[in-house]
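# Chains, contacts and geometry: an overview
Spelled out from the first residue to the last, the chains are:
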Amino acid sequence: MPCFNGARYISESIETVMLQSFGGWELIVVDDGSMDDSVGIAQHYKALDSRVKVITHHKNLGVVAARNEALEHASGRYIAFLDSDDRWLPRKLEVQLEALTSSGAAVCYSSYYSIDATGQRTGIFQAPAQTDYQRLLRGNCIGNLTGIYDASQLGKESFQLVGHEDYVMWLSLLRRAGRAVGVRECLAEYRVGHGSLSANKLRAASWAWNIYRNVEGLPLWRAAYCFGFYAARAAFKYKRLPADQ
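Residues numbered from 1 in each chain as written. Predicted model: local features only at pLDDT ≥ 70, side-chain atom pairs only at ≥ 80, totals over all residues. Heavy atoms only, no water.

Take the overall build of the protein chain next. Counting its regular elements, the protein chain contains 9 helices and 10 strands. By the compact-globule yardstick of 18 Å for 245 residues, the protein chain fits well, its C-alpha radius of gyration being 17 Å. Residue burial in the protein chain is summarised as follows: out of 245 residues, 49% are buried. Within the protein chain, contacts between residues separated by at least 24 positions form 76% of all contacts whose residues are at least 6 apart in sequence. Only carbon and sulfur atoms are counted for the fraction: they give 54% of the accessible area of the protein chain, which is about 11,700 Å². Positive and negative side-chain charges of the protein chain, numbering 27 and 25 respectively, have mean locations separated by a distance of 8 Å. (Helix = DSSP H or I, 4+ residues; strand = E, 2+ residues; numbered from the N terminus. Rg over C-alpha atoms; globule rule 2.2 N^0.38 Å. Buried < 20%, exposed > 50% of the residue type's maximum accessible area, 1.4 Å probe, protein only. Contact = heavy atoms within 4.5 Å. Areas by Shrake-Rupley, 256 points an atom, 1.4 Å probe, with all protein chains shown as cover. Lys, Arg positive; Asp, Glu negative; His and termini not counted. Charge placed at Lys NZ, Arg CZ, Asp CG, Glu CD.)

This is the structure in structure tokens:
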């Protein structure tokens, strides 16, 4: 869990990990030079539960550095991610570990809700039942807060200093894993705010193009083909909530 000035929401995020039905987790919070009370809040939960670990940076190094440091300290077989303003639903880890075991896959992801600044659900991202490297090139269907992978099979995958670093990571993992399985049930809640990276569509589009051409090394025609799918999916990413949700 990378955190920078996340005092407003980090308690909610940490508590959703502590409330997991699967208890064999460790949570590594990396505070990246926050100027608010994020560290104090994280230390409070560390005192309550020894499974919570807290690492602090004296200056802001960026989310890539924070995530990579957490990876270095992770001791578990499986690696999962949660930002300090997002939330997991209680059975998230349990359901996904069951899916990994039953399918034999090394990567799993799930559907998730979008929420606003107040925590109200605003939409649903419906995850496909499975994906692979070629399909993932046509648009990222792995919400980073839902992704989990088996590091005993794939090793720990560091984040690169590039826009959409999570997309690059999942592409790299799927290139080796072959496939990923999706859980159709919503297992997490992603907070979409005016200051979030996803709010800047033009910048996000330029990052995607850079990934296709310079990171994945796709020829121009194929990059354009994949980018067309990316743009279409981005425009219709979230579906409306059913009336009962």
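And the narrative resumes.
Looking now at the packing of helix H1 (residues 10-18) against helix H2 (residues 38-48). The interhelical angle for the contact between H1 and H2, taken along N-to-C directions, is 20°, at an axis separation of 10 Å. Judged on the interaxial angle alone, H2 and H1 are roughly parallel. The hand of the H1/H2 crossing is right-handed. Facing H1, whose interface residues are Ile 10, Ser 11, Ile 14, Glu 15 and Met 18, H2 presents Ile 41, Ala 42 and Tyr 45. Residue classes in the contact of H1 with H2 are distributed as 6 nonpolar, 1 polar and 1 charged. (Axes fitted to C-alpha atoms, helices over the stretch in contact; angles between N-to-C directions. Parallel < 35°, antiparallel > 145°, perpendicular 65-115°, else oblique. Left-handed = near helix turned anticlockwise from the far one by under 90°. Nonpolar A, V, L, I, M, F, W, Y, C, P; charged D, E, K, R; others polar.)

Scanning the model with the defined rule gives 0 disulfides in all. There is no disulfide at Cys 141, and the cysteine sulfur nearest it, in Cys 108, is 11 Å away. Cys 141 sits in the buried class, given a relative accessible area of 4%. Cys 186 carries a free sulfur, and the closest cysteine sulfur to it, the one in Cys 108, is 13 Å from it. (Disulfide = S-S within 2.5 Å.)

Its place among the elements puts Glu 165 in helix H7 (residues 165-177). The sequence separation of Glu 165 and Pro 2 amounts to 163 residues, and the corresponding C-alpha distance is 14 Å. Here Glu 165 is in contact with Val 63, Val 64, Arg 67, Phe 159 and Gln 160, once residues within four sequence places are set aside.

Taken N-terminus to C-terminus, the directions of H7 and helix H8 (residues 201-215) make an angle of 40°; their axes are 10 Å apart at the nearest point. The angle between the axes of H7 and H8 places the two elements in the oblique class. As for the relative orientation of H7 and H8, their crossing is right-handed in sense. Every residue of H8 that contacts H7 at Tyr 167, Val 168 and Leu 171 is listed here: Ile 211, Tyr 212 and Val 215. Taken together, the residues of the contact of H7 with H8 sort by class into 6 nonpolar, no polar and no charged.

Moving on to the environment of Asp 49. Summarising the element assignment, Asp 49 is placed in the loop between H2 and strand E3 (52-57). When the C-alpha positions of Asp 49 and Leu 61 are compared, they lie 27 Å apart, and in sequence the two are 12 residues distant. Here Asp 49 is in contact with Met 18 and Trp 25, once residues within four sequence places are set aside.

As a further point, take the pattern of salt bridges. A complete count under the given rule lists 12 salt bridges for this structure. One salt bridge connects Glu 12 with Arg 191, and the closest N-O pair in it is separated by 3.3 Å. With Glu 12 in helix H1 and Arg 191 in strand E10 (residues 180-191), the pair connects residues that are 179 residues apart, well separated along the chain. A salt bridge links Glu 94 to Arg 91; its shortest N-O distance comes to 3.7 Å. The partly exposed category is assigned to Glu 94, whose relative accessible area is 25%. Taken together, the salt bridges that share partners define one network made up of Glu 12, Arg 87, Arg 121, Glu 189 and Arg 191. (Salt bridge = Lys/Arg side-chain N within 4 Å of Asp/Glu carboxyl O.)

Read across the open sheet, the 3 strands follow the order E1-E2-E3; overall the sheet is parallel. The sheet is open, and its two borders are formed by strand E1 (2-3) and E3, each paired with just one other strand. Summarising the sheet, E1 and strand E2 (residues 27-32) pair through 2 bridges and their orientation is parallel. Counterpart to Cys 3 in the pairing with E2 is Asp 31. The sheet strands contacting H2 are E1, E2 and E3, and the helix crosses E3 at an angle near 155°. (Pairing = 2+ DSSP bridges.)

Just geometry here; none of it tells us what the structure is for.
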